[in-house]
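Letter by letter, the chains look like this.
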Amino acid sequence: MNRAYTVVGRILGIAPEEITDATSPKTVASWDSYNGLMLVSALEQEFGVSFTLDEVIAVQNVGDITAALTRHGIEV
Amino acid sequence: MMSERRPLRIALLASFTAKPIADALDRACHNAGIPATVYLGAYQQYAQEILNPTSAFSRCACDVMILAVDTHALAGDLVFRPYRLDDDARRRWADEQAETLIALARTAAERCEAMVLLHNLEVPMYSPLGPLEHAQEFGIKEAVETINAKLRSACKGDPRIYLFDFDGFCARVGKRVVRDPKLYYLGDFKVAMAHVPELCSAYLAYLRPLRVPVKKCLVLDCDHTLWGGVVGEVGIEGIQLGPTPEGRPYWEFQQHVLALHERGVVLAINSRNNPDDVLRVLREHPYQVLREEHFAAMAINWEDKASNIRAIAEELNIGVGSVVFMDDDPLNRALVAHALPEVEVVNLPGDPAWYVNTLLAFDGFHTLQLTDEDRQKGRFYAQEQQRRHVAVAATDLASYIRQLDVAVTIGPASAMTIPRIAQLTLKTNQFNLTTRRYTETEVHRLAHDARFLMLTCAARDRFGDSGIVGVAIAERSVPDWRMDTFLVSCRVIGRKIEDALLAYVMQEAARAGARRVIGEFIPTAKNTPAQDFYRAQGFVKMEGGGANIERWERSCTGAFPFPEELTVDGGGMQSVRAI
C-alpha cells in the first residue's frame, strides 16, 4: 500500500483502497480547501518533510502528492 | 445555572481561520473529561456575530466565549508600515482598538451571560526602526503593549471577562515559529498546527475550573524530591539542598512549592523514612525552605504511599480527588495511580534540573478566583490541627464548640463576597445540599435579583478566622421560600455553624411572612454528610420528589433560635431587607 494513500484516506475520511493517483478534489467531496491544508500538515508530519508553497499550490491530485514526496526523497 | 452534567458550550470567534483550533479544543476537552461543544464563528465575522442579536453566535447560548482577534487583523497594513502614521495618530489608533475590543467583549458577556476569554495581542517582534524602536515617542510595540494594558485593566474591573495572554503564549512557543508562513498564506492560519494543542491546553486552564473540582493539596515525597539523596543513609549533612549545582534544583523547587502554599495550596508529606530523620531536616537544615509549619499533614512511615494519601485526605477532611502527588520514584507513582485513580500523579522527570519546569507547567491548582480565604488556607489547615487537640480533650460536642468559642457573622452578599460565594458553590462537595455550581457572573446576577436572598456566613474561633465558610441562597417565592443552595465548607462541618445559618434563613422567612421554607436536597456521590440535615433540623420530607431531588418542608411558625453553643452576629439584618 502506498503510504501517502493511508494519510490521504485518514484525513479525507475515505478507504485507502478507493484511492488512486487520479483521486482529486473533483472526485472526493471531502477534499475541500480546508481539508487540503490539513492534508499538507498531516503529510509533512508523517514523512518529516516540508513542502514549498509552490508545491502545495501545484497539487491537482494524489499522483502529484506522491511525486512531491518522491522529490523529497520519500519512498511511498 | 450550570449543572455539571450539561456539556460546556464554548464559542470561538476569531479574526483568522480557527477551525483547527476549534476541532482540537473539542478533542482536548473530551480528553480532559469535560463534555463540551464548540461553536466556531464565521470566518472574520467576530464583530458582526457579537453585535447582531440574531446571529448564530447570539443564539447559541454559550457558557464561554473565546474572542481571538490577532494583531495583524486589527492593525491591517499598520503591521507592515507602522510609521506611516505619526505618534499621535498611532496613539489614537491604539486607544480606538482597545475600546472596540473591550466593547465587543462586554456586549458578548451581556448578551450570552457568558464568561469571556479575551485574547490580548501579540506584540510584534520586528520594527523597521530596529533598535531605535524603543527610542520612538510612541512606537508600534508600545502601541500594541498599550492596547494589551488597556485590555488587562478592563478585565480587572469586570468579573465576566478574563484576559487570555495570547502574547505570552506566542512568546512561550516562540514568535518566530508560532505561525507556519505557508499555511498562513494558503489559508490564513495564525497558529501553526504543531502549536494548536498547546494553545488548547492554555484555554483548558480556564475551562477546567468550571467543570472539574480544583486541586487543593500537594502531597510531596522527600528523598530525591525535596532534596537530593536519601536522608536515612547520608544524614542531614549529606543531602543535596542549597546554593550548589546539585542542591539548587531542589532548593528552587521548594521555593516554588512555598509560593503555591502562600496562595493557598495545602501541603503534606508522604515519605518512607524514619520520622526523626525527616523532621530534623525540616527543623534544622539551613536551606530547607518548607518547614513543619507549612505542612498540614505528615505521613512519614513505612506504609505504602497510597494508604498514606488516603490517611492524609481523611485527616484533612478533603476528597482524595483534590490531591496532587509528586514523587521521583516511578514505582510509587504507579502504585498511587493504580490504587487511587482520582489522585493526580505528576511525573517528575528523572533529572532534577527539570523539576521546576515540571512544577510550573502544572496547572491543576489554577482557579478563576482567588479570595482572601484561599490565600490563608494553608494557615487555616494548620489551625485545624490545634482544634483537633481540643476535640480530643472535650467530652461532648456542645462543650467542644463552647471551648472553641465559635462566633459566626451572617449577612447578605456584597460585591466583596461574590467571588468567594461563586468559589464555594464551585468547590464545595460534601456539605452541599444541591451542588448547584454558579460562576461569578451568575452569582452576581442572583445577588442583584430581588427574588433571591443570598447570605454568607463567616466563622471564627479562638484559633483563628476561617473567613466565609457558608452560603445560603433562598428564592423568596410566595407563599413558600425555596432553598436553592445551602452549603458549608467541609472544614467547619459539625460546629453548629450550619444550624446557625439555617436558623437565620428561617427567621428571615418568618419575618417576610412566608408560609413554609422548602429545602431541596440533590444526592450526589459526595454529599452524604448532608443527607440527614433537613430531617435533623425539623424538616419533613415531601411526597413526589423523585430519585434526583428530595424536597423537605418546614413551617415558618414558631421560633428559630440560634444554637446556644456559639455566638451569632446578625449585623446584616437591616441590609437583608434593604436588598
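Values in this document were obtained by computation on a predicted structure and should not be read as measured data. (Residues numbered from 1 in each chain as written. Chains lettered and ligands numbered in written order. Predicted model: local features only at pLDDT ≥ 70, side-chain atom pairs only at ≥ 80, totals over all residues.)

Assigned secondary structure in chain B consists of 23 helices and 18 strands. When the 579 residues of chain B are sorted by exposure, 42% land in the buried category. Of all intrachain contacts in chain B linking residues separated by at least 6 positions in sequence, the fraction that spans at least 24 positions is 70%. (Helix = DSSP H or I, 4+ residues; strand = E, 2+ residues; numbered from the N terminus. Buried ≥ 20, exposed ≤ 12 C-beta atoms within 10 Å, placed from the backbone. Contact = placed C-beta atoms within 7 Å.)

When two helices pack together, their arrangement is given by the angle between the helix axes and by the axis-to-axis distance. All names here are of chain B. One can describe the packing of helix α13 (residues 305-316) onto helix α14 (residues 330-339) by two numbers: an axis separation of 8 Å at closest approach and a directional angle of 55 degrees. Taken together, the axis directions place α13 and α14 in an arrangement best described as oblique. For the pair α13 and α14, contact is made by Lys305, Ala306 and Ile309 and by Asn332, Leu335, Val336 and Ala339, respectively. When its residues are assigned to classes, the contact of α13 with α14 shows five nonpolar, one polar and one charged. (Axes fitted to C-alpha atoms, helices over the stretch in contact; angles between N-to-C directions. Parallel < 35°, antiparallel > 145°, perpendicular 65-115°, else oblique. Nonpolar A, V, L, I, M, F, W, Y, C, P; charged D, E, K, R; others polar.)

This part takes up the sheet that holds strand β13 (residues 464-475) of chain B. Strand pairs in the sheet, formed through backbone hydrogen bonds, run parallel or antiparallel to each other. All names here are of chain B. Spatially, the eight strands line up as an open sheet ordered β16-β17-β15-β14-β13-β12-β11-β18, and their pairing is mixed. For this open sheet the edge positions go to β16 (540-541) and β18 (567-569), each flanked by a neighbour on one side alone. Here four bridges tie strand β14 (residues 480-488) to strand β15 (residues 516-521), and the two strands are oriented parallel to one another. Along β15, the bridge assignment pairs tryptophan 481 with valine 517. Across the sheet, helix α19 (residues 418-427) touches β12 (452-461), β13 and β14, and the angle it forms with β13 is around 80 degrees. (Pairing = 2+ DSSP bridges.)

Residues and elements named next belong to chain B. If you trace the five strands from one edge of the open sheet to the other, you get β8-β7-β6-β9-β10, paired in parallel fashion. With one partner strand each, in any of the chains shown, β8 (295-301) and β10 (344-347) form the two edges of the open sheet. Each adjacent strand pair in this sheet contributes to an overall mean axis angle of 20 degrees, direction not counted. Pairing between strand β6 (residues 217-220) and strand β7 (residues 266-272): four bridges, direction parallel. In the strand pairing of β7, leucine 220 is matched with isoleucine 269.

One finds B:Leu12, B:Leu25, B:Met65, B:Leu67 and B:Val116 to be the most contacted residues of the largest nonpolar core, which totals 81 residues. If near-sequence neighbours (up to four positions away) are discounted, B:Val116 is found in contact with B:Met65, B:Leu67, B:Ala105, B:Ala108, B:Ala109, B:Arg160, B:Ile161 and B:Tyr162. (Core = buried A, V, L, I, M, F, W, Y, C linked by C-beta atoms within 7 Å.)

With that out of the way, let us pick up the interface of chain A and chain B. Many structure descriptions define interface size as the accessible area lost when the parts assemble. Tallying the contact residues gives six residues for chain A and seven residues for chain B. Listing elements by their share of the side of chain A that touches chain B, those giving two or more residues are α2 (33-47) and α3 (53-58) of chain A. Sort the elements by how many residues they give to the side of chain A that touches chain B and α2(A) lands first, with four residues. Broken down by class, the residue content of the side of chain A that touches chain B amounts to four nonpolar, two polar and no charged.

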